[in-house]
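# A look at the structure
So the chains spell out like this:
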Amino acid sequence: MRITDTSDRWWKNAVVYSIDVETFADSNNDGIGDLPGLAQRIHYLAELGITVLWLMPFYPSPDRDDGYDITDFYNVDPRLGTLGDMVEVIRTAHDRGIRVIADLVINHTSDEHPWFKEARKSVDNPYRDWYVWRDTTPPDTSDKVVFPDAEDSIWEKDQTTGQWYLHNFYKFQPDLNIANPKVRDEIFKIVGFWTQMGIDGFRVDAVPFILETTGYTAAEKRQLGDPQDFLREITSFLGRRTGDGILLGEVNIPYKQQHTYFGGDRGDGLTMQFDFIGMQSLYLSLARHDARPLVKALTQRGSFPLGPESQWANFLRNHDELTLDKLTDKQREEVFAAFGPEPDMQVFGRGLKRRVPSMMEGDPRRIRMAYSLLFSLPGTPSLFYGEEIGMGENLAESGRMAVRTPMQWTSEPDGGFSDAPPDKLVAPLPTDGFSPEHVNVADQRSDPDSMLSFIRRLIFRYRQHPELGWGTFEVVDQPDHAVLVHSSRWEDHRVVAVHNFDAGGRRVEFTLTDVEPGTTLVDVFGDERLSMDDGRIELTLDGYGFRWLRVQQPGDHRLW
Ligand code: NOJ
Ligand code: CA
């Protein structure tokens, strides 16, 4: 094992866990989660085994897009605590071996940000060019809006000057103009500020929109040059300031373009990107009980090889809608029918507002199979808080807020999240079969059969087998479409994973190539040892069953 690889490129087999501070733990009982509350729960995260804590926006904000509308990039929202509290969180996390990354939201600001308040005053205000303006009536852009329930154009007329400003998201989120060198300088300063505070990297919000040059004048486009160079500059700046800081990008576009966002073969762009295509294909596979859509996506993904620094981040859920925008209409309907048939389970015509356990109708076999896949697929797994205990959603909440309910620590109605009166809580908890009475940390913590214990084991085994994060992925041929057999290989390590997408049990047969006589397969979650006949293996799987098998060559006496 090469020391430089395993220690420096720590993100290659990290486990990411995202939280919104305001819904995690409330320390002063005002109903809003806060940084001191989070600091007290770091030991829980350490026990879970995660290695990267991703903090969703915690900056001062009017909170009209759950904090993605920022009014000050250099501070903490006073409802959540102070900069001092943030330092305590970071220090405590580091003490437990957990890195902390922050959401970097630089595509836009809030319209209440002082820069925008200045900018909209007059066409010659010094801040005018920090945003993107046009002075002629914009064309119909209703097909470009991200939130079709709220917006019908990406341009908004500003009454004071009669010009229109660009807003790819809500109209209260004006887009920053990155062709302006002053804006770019400010972005470096923001990155520098938080790294100085101890932040280890960033989840970069809405990357394709940052680099999009819609509305830029020809002169601005010339001045900006290749927008990808701006990403490269942030990456290298972060590298200079931190040594090993990462940029984890939110980039929901086809793999070919994502390859460019990684910085192509050089890999000097974004360090990591979420795999939105793989995620959507995974749900299609689950809905169809057929591994082929997932295999197709992963094969396509593999046709754009990554540079040594780059890595995929896999996920099943995040804080947004479970978007199915990259599926065909027919495929999306199949996933809707399987996992969210009712209108109140869907949002924006493209996504689901549910978490995994409710979509799987609470079937523990299927839920666990989905998470086993997440942790065994090539890349770095990323979790959204509460997934580890099987939290559900509150469909009464509108849109994406349905999955942003408070963390459920205990069986009390408020989930032990806060002692504030129920009407003061930042968001209402589920009251159905996924309420705190049924789903909470306290009950699961010492139960070896709980979801929490299961996820903890997955994390531990994932970390123990670096080939899962680092390795070369291949699909092992076998005839059953309901089954995925894949292997990850790195140096002389190899794990083979077998997953059954069907509710019925299966008999699976496959042959591993390149194995010496006498090689055995050791069950990673048990101690069973399976012998092979000339690389050929036969095993049975229960409905939605899975196995992780470590390939042990003769003479290999390692414990794992
Ligand atoms: C993507 C974030 O994940 C989402 O929650 C937000 O609304 C938009 N970017 C705008 O910042
Ligand atoms: Ca509080």
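Residues numbered from 1 in each chain as written. Chains lettered and ligands numbered in written order. Predicted model: local features only at pLDDT ≥ 70, side-chain atom pairs only at ≥ 80, totals over all residues. Heavy atoms only, no water.

## So, helix H6 (residues 181-196)
Compared with the 22 Å implied by 1.5 Å per residue over 16 residues, the 22 Å span of H6 between its first and last C-alpha is a close match. Buried residues of H6: Val-183, Arg-184, Glu-186, Ile-187, Phe-188, Ile-190, Val-191, Gly-192, Trp-194 and Thr-195, and no others. Buried positions along H6 lie against helix H4 (83-95), strand S3 (99-104), helix H5 (114-119), strand S7 (201-204), helix H8 (218-224) and helix H9 (227-242). Here H6 starts with a cap whose side-chain oxygen sits 2.8 Å from the backbone nitrogen of Lys-182, and that cap is Asn-180. Directly after H6, the chain includes Gly-198, whose backbone phi takes a positive value near 110°. (Helix = DSSP H or I, 4+ residues; strand = E, 2+ residues; numbered from the N terminus. Expected span 1.5 Å × (residues − 1). Buried < 20%, exposed > 50% of the residue type's maximum accessible area, 1.4 Å probe, protein only. Contact = heavy atoms within 4.5 Å. Polar contact = N/O pair within 3.5 Å; in protein donor to acceptor, adjacent residues only side chain to side chain.)

## Structural notes on the coordination of the calcium ion (ligand 2)
For the calcium ion (ligand 2), the full set of protein donor atoms is Asp-26 (OD), Asn-28 (OD1), Asp-30 (OD), Ile-32 (O) and Asp-34 (OD), and the range of their distances to it is 2.2 to 2.4 Å. The motif formed by the donor residues of the calcium ion (ligand 2), counted along the single chain, is D-x1-N-x1-D-x1-I-x1-D. Exposure class is identical for Asp-26 and Ile-32. Each is buried. (Donors = N, O, S within 2.8 Å, 3.2 Å for Na, K, Ca; no water.)

## A closer look at the side chain of His-113
If you trace the backbone, His-113 turns up in the loop between S3 and H5. You can call His-113 buried: its relative accessible area is 3%. Residue contacts for His-113: discarding those within four places in its chain leaves Ile-70, Thr-71, Asp-72, Phe-73 and Tyr-131.

## Some words on the sheet that holds strand S10 (residues 311-315)
Pairing is parallel in the closed barrel, where eight strands are placed in the order S1-S2-S3-S7-S8-S9-S10-S14. When the angles between neighbouring strand axes are averaged without regard to direction, this sheet yields 25°. Two elements, strand S8 (residues 246-249) and strand S9 (residues 272-274), share two bridges in a ladder whose sense is parallel. Bridge pairing links Leu-248 to Met-272 in S9. Packing against the sheet, helix H15 (residues 364-376) makes contact with S10 and strand S14 (380-384), and its axis sits at approximately 135° to S14. (Pairing = 2+ DSSP bridges. Axes fitted to C-alpha atoms, helices over the stretch in contact; angles between N-to-C directions.)

## Concerning the domain arrangement of the protein
Segmenting the protein into domains produces domain 1 (7-107 + 181-463), domain 2 (114-166) and domain 3 (472-552). Each of domain 1 and domain 3 was reduced to a C-alpha centroid, and the two centroids are 30 Å apart. Between domain 1 and domain 3, the contact holds 25 residues from the first and 20 residues from the second. Here domain 1 and domain 3 share an interface that buries about 1,900 Å² over both sides, 72% of which is from carbon and sulfur atoms. (Domains from an automatic or database assignment. Buried area = accessible area lost by both parts, 1.4 Å probe.)

## Things to note about the environment of Phe-375
Counting through the fold element by element, Phe-375 comes out in helix H15. Of the residues examined, Phe-375 reaches a relative accessible area of 0% and is grouped as buried. Sequence separation between Phe-375 and Phe-315 is 60 residues; the distance between their C-alpha atoms is 9.1 Å. Non-local contacts of Phe-375, meaning those with residues more than four positions away in its chain, are made with Val-15, Pro-381, Leu-383, Leu-458, Ile-459, Tyr-462, Leu-468 and Trp-548.

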